[in-house]
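Chain and residue survey
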Amino acid sequence: MPEVLSAPAPLDQGADVPLVLLAPAKINLALHVVGQRADGHHLLESLVTFADEGDRLSLALSETDSFTVSGPYAGDVPVGADGGHANLVLKARDLLRTRLTMLGLPCGPVALHLTKSLPVASGIGGGSADAAATLTGLLHLWAPSRDNDVEIDLAALGLSLGADLPMCLTGRPLVARGIGEAITPVIGLPAFPALLVNPGAAVSTPAVFRTLTDKTNPPLTLPERLASPEDWIAAIAATRNDLEPPALSLAPVIGAARAALAEAGAALARMSGSGATCFGLFLDVAARDRAAARIREAHPDWYLLPCNTLGS
């Protein structure tokens, strides 16, 4: 589940003291495309973990509904609740409100503030993480003492907003299969110092899937009894991201970002999700920080996020 933070964030006047949640970056350590359903949805098998950094969402009961955005990527965030480009935070709010209202639970006005620190359309699940934090936080605000017989399946609810929602609601290392709804926890995955690098390219996920030529690839397999971080690095290196070749064809600069991570000493470098963000895993924090300094000096206009991945 999204982590509860204590740092306050700005909200409209009349709002209560906010609940602040971290909406962490999602990192696809591996992503295998293993088929396609008749309805066009791709069947995936993905090894996923999360960073200890990301966006932040503040929620509070208020006199009126409101939604505000700040942060370095605020200008890229839609603030409307309707239409094809509606913000996922607002869609999640309205979806949960409808569900709880059907169950007879009151859902008063809320003030929401998103601090947008993750770049959009970057393959690290920013919008989905924001929506997951919205569902989690609003369920706490609107139904803190709900009866035990009132079951709210947030994963099923969130899946209607996007395939990444159930993963982001889980918020721990996992393997996701199907279209993202079949989730199995991963045991034994260590935490890694990590560096996320985005070269400034926004990549359309639908365009990447349209460019993907082979949609039936070998499944994701992981050895049993992986004992050390080095063992895990070797096992992950033997997997793939099947979306990387089509994404590279659309945005060749992704290759430069991955190469920069490898040349700076990452034990493993790969594109996350549908791109364009690449991640580097390191075996110690000092090596990660040296890589960050090196890449920042060479590419001052790139987005860099030194972080740590979550372990099992």
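Right above here is the structure, for reference.
Quick notes on the rules
- Residues numbered from 1 in each chain as written.
- Predicted model: local features only at pLDDT ≥ 70, side-chain atom pairs only at ≥ 80, totals over all residues.
- Heavy atoms only, no water.
- Axes fitted to C-alpha atoms, helices over the stretch in contact; angles between N-to-C directions.
- Helix = DSSP H or I, 4+ residues; strand = E, 2+ residues; numbered from the N terminus.
- Left-handed = near helix turned anticlockwise from the far one by under 90°.
- Contact = heavy atoms within 4.5 Å.
- Disulfide = S-S within 2.5 Å.
- Buried < 20%, exposed > 50% of the residue type's maximum accessible area, 1.4 Å probe, protein only.
- Salt bridge = Lys/Arg side-chain N within 4 Å of Asp/Glu carboxyl O.

On to the packing of helix α1 (residues 88-102) against helix α2 (residues 126-142). Relative orientation of the contacting elements α1 and α2 amounts to 35°, with a least axis distance of 8 Å. Along this stretch, α1 crosses α2, giving a crossing that reads as right-handed. Mapping the contact onto sequence places Leu-88, Val-89, Ala-92, Arg-93, Leu-96, Arg-97 and Leu-100 in α1 and Gly-127, Ser-128, Asp-130, Ala-131, Thr-134, Leu-135, Leu-138, Leu-139 and Trp-142 in α2.

Time to look at the state of the cysteines. The full count for this structure, using the stated rule, is zero disulfides. Cys-168 takes part in no disulfide bond, and the closest cysteine sulfur, belonging to Cys-307, lies 15 Å away. Since its relative accessible area comes to 5%, Cys-168 is described here as buried.

Bringing the pattern of salt bridges into the picture now. Tallied over the entire structure, the rule returns 11 salt bridges. A salt bridge links Arg-177 to Glu-45; its shortest N-O distance comes to 3.9 Å. Separated by 132 residues along the polypeptide, Arg-177 in strand β6 (residues 174-178) and Glu-45 in strand β3 (residues 42-61) bring together distant segments of the chain. The salt bridge involving Lys-116 is made with Asp-130; its shortest N-O contact spans 3.2 Å. Of the two residues, Lys-116 sits in the loop between β5 (110-115) and α2 while Asp-130 sits in helix α2, which places them 14 residues apart along the sequence. In the salt-bridge network here, residues are joined through shared partners; they are Asp-55, Lys-116 and Asp-130.

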